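Spelled out, the chains give:
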Amino acid sequence: MLGRHRRVHAKVGKIIDAGLFGFAFWLTHWIRSASFFDPDQIIRPFSEYAWLLLVVMPVAPPLLEIQGFYRAGVFGSRWRALWLLIKTAAYVSLGAILVLFFRKTEGARLVFALYIPVAVGCVMTKELIVGAWAGGEAGRAMLRKRVILVGGKADSDRLENMLELRSRHDVEVMDRVDLNETSAERLADLIHAHSANAVLV
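Worth saying up front: this structure is predicted, and the values here are computed from it rather than measured.

## Looking at the overall build of the chain
- Across its full length, the chain holds 7 helices and 3 strands.
- Starting at the N terminus, the α and β elements of the chain follow one another as α-α-α-α-α-β-α-β-α-β.
- Among the 201 residues that make up the chain, the fraction classed as buried is 35%.
- Taking the intrachain contacts of the chain between residues at least 6 apart in sequence as the baseline, contacts between residues at least 24 apart amount to 73%.
- Accessible surface computed for the chain: about 12,300 Å², of which carbon and sulfur atoms make up 63%.

## Remarks on the packing of aromatic side chains
- Counted under the stated rule, the structure contains 7 aromatic pairs.
- Relative to Y115, the ring of F25 has its centre 6.2 Å away and its plane inclined at 75°; by these criteria the two rings are edge-to-face. A residue pair is termed long-range when its members are at least 10 positions apart, and F25 in helix α1 (residues 2–32) and Y115 in helix α4 (residues 109–135) qualify at 90 residues. Each member of the pair, F25 as well as Y115, carries the same accessibility label: buried.
- Aromatic rings pair up to connect F25, F46, F112 and Y115 into one cluster.
- Over the ring of Y70 we find K14; its NZ or CZ atom is 5.6 Å from the centre of that ring.
- Sitting over the ring of W51, R103 keeps its end group 4.3 Å from the ring centre.

## What to know about helix α3 (residues 78–102)
- In this model, α3 (25 residues) spans 36 Å end to end at C-alpha, consistent with the 36 Å of a helix rising 1.5 Å per residue.
- Taken as a whole, α3 has its buried residues at A81, L84, L85, T88, A89, V92, S93, A96 and L100.
- Positive backbone phi, approximately 55°, marks K104, located one or two places after α3.

## A closer look at the packing of helix α2 (residues 53–66) against α3
- For the pair α2 and α3, the least separation of the axes is 10 Å and the interaxial angle reads 145°. The element α2 and its partner α3 pack so that their crossing is right-handed. Contact residues: α2 offers V55, V56, V59, A60, L63 and L64, while α3 offers L84, L85, T88, Y91, V92 and V99.
- Considered class by class, the residues forming the contact of α2 with α3 number 11 nonpolar, 1 polar and no charged.

## Some words on the environment of E181
- Residue position: E181 is located in the loop between β2 (171–177) and α7 (184–194).
- When its relative accessible area of 70% is taken as the criterion, E181 is described as exposed.

## Quick notes on the environment of F25
- What makes F25 buried here is its relative accessible area of 4%.
- Between the C-alpha atoms of F25 and L52, which are 27 residues apart in sequence, the distance is 8.8 Å.
- When residues no more than four places from it in sequence are discounted, the contact partners of F25 are F46, Y49, L52, L53, V111, F112 and Y115.

## Details of the nonpolar core
- F21, F25, L52, F69, L85 and Y115 are the most contacted members of the largest nonpolar core, which has 29 residues in total.
- Counting only elements with at least two residues in this core, the list comes to α1, α2, α3 and α4.
- Ranked by the residues each element gives to this core, the list is headed by α4, at 9 residues.
- With residues near it in sequence (within four places) discarded, L52 still touches F25, A96, V99, L100 and F112.
- Listed in part, the 5 residues of the second largest apolar core include I148, V150, L187 and L190.

## Here's the deal with the side chain of T88
- With respect to the secondary-structure elements, T88 resides in helix α3.
- Among all residues touching T88, those that are not within four sequence positions of it are F21, A60, L63, L64 and Q67.

The rules behind each value
- Residues numbered from 1 in each chain as written.
- Predicted model: local features only at pLDDT ≥ 70, side-chain atom pairs only at ≥ 80, totals over all residues.
- Heavy atoms only, no water.
- Helix = DSSP H or I, 4+ residues; strand = E, 2+ residues; numbered from the N terminus.
- Buried < 20%, exposed > 50% of the residue type's maximum accessible area, 1.4 Å probe, protein only.
- Contact = heavy atoms within 4.5 Å.
- Areas by Shrake-Rupley, 256 points an atom, 1.4 Å probe, with all protein chains shown as cover.
- Phe/Tyr/Trp six-rings, centres within 6.5 Å; stacked < 30°, edge-to-face > 60°.
- Lys NZ or Arg CZ within 6 Å of the ring centre and 35° of its normal.
- Expected span 1.5 Å × (residues − 1).
- Axes fitted to C-alpha atoms, helices over the stretch in contact; angles between N-to-C directions.
- Left-handed = near helix turned anticlockwise from the far one by under 90°.
- Nonpolar A, V, L, I, M, F, W, Y, C, P; charged D, E, K, R; others polar.
- Core = buried A, V, L, I, M, F, W, Y, C linked by side-chain atoms within 4.5 Å.

Rendered as structure tokens:
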């Protein structure tokens with residue numbers, strides 16, 4: 001069950017990141033089309049490049065995952081996350097340029113140069129917001145998985161020690177139950193009382 005919760009959180013994070021990489025592409029085009037960069041209004045409208053979102057959005061999350069961006073979680077190193085985002089944005093930008101080249105479609109070069117810092121800024125801002133929220137009391141309480149250990153004292157001790165080593169403190173043991181001493185009905189009551197996410201045997 002804990003693994004399922006992590007997979008759900010990771011999937012939601014990837015969807016948000018895909019949206020942010022797509023939003024960054026639109027934002028970069030909007031910045032590039034401003035009169036400061038384009039006084040003669042040479043750049044084509046975004047509608048002619050919108051199809052590139054089908055390249056940018058599906059590619060970005062897998063690239064982040066391959067590089068280990070999602071394994072560190074919200075408490076990982078910010079500098080490492082920044083470096084991985086820069087590399088991913090550069091790969092995405094290069095990929096979009098190659099797609100335009102093979103399709104023999106003209107593209108504004110400054111858009112792809114600006115895209116890297118804009119995409120990094122969008123995703124990193126999200127990471128900082130999520131990190132600040134997760135570091136607060138409310139965030140920790142919501143992200144922490146509440147579990148009940150079922151088994152003898154020795155087995156429960158070993159399992160709790162393993163959770164402390166592997167869970168990065170995002171699992172809280174709410175209670176211990178020995179079914180030789182406690183009925184299944186009492187276990188069900190404890191699950192509801194503690195709002196437990198999982199029962200580990």
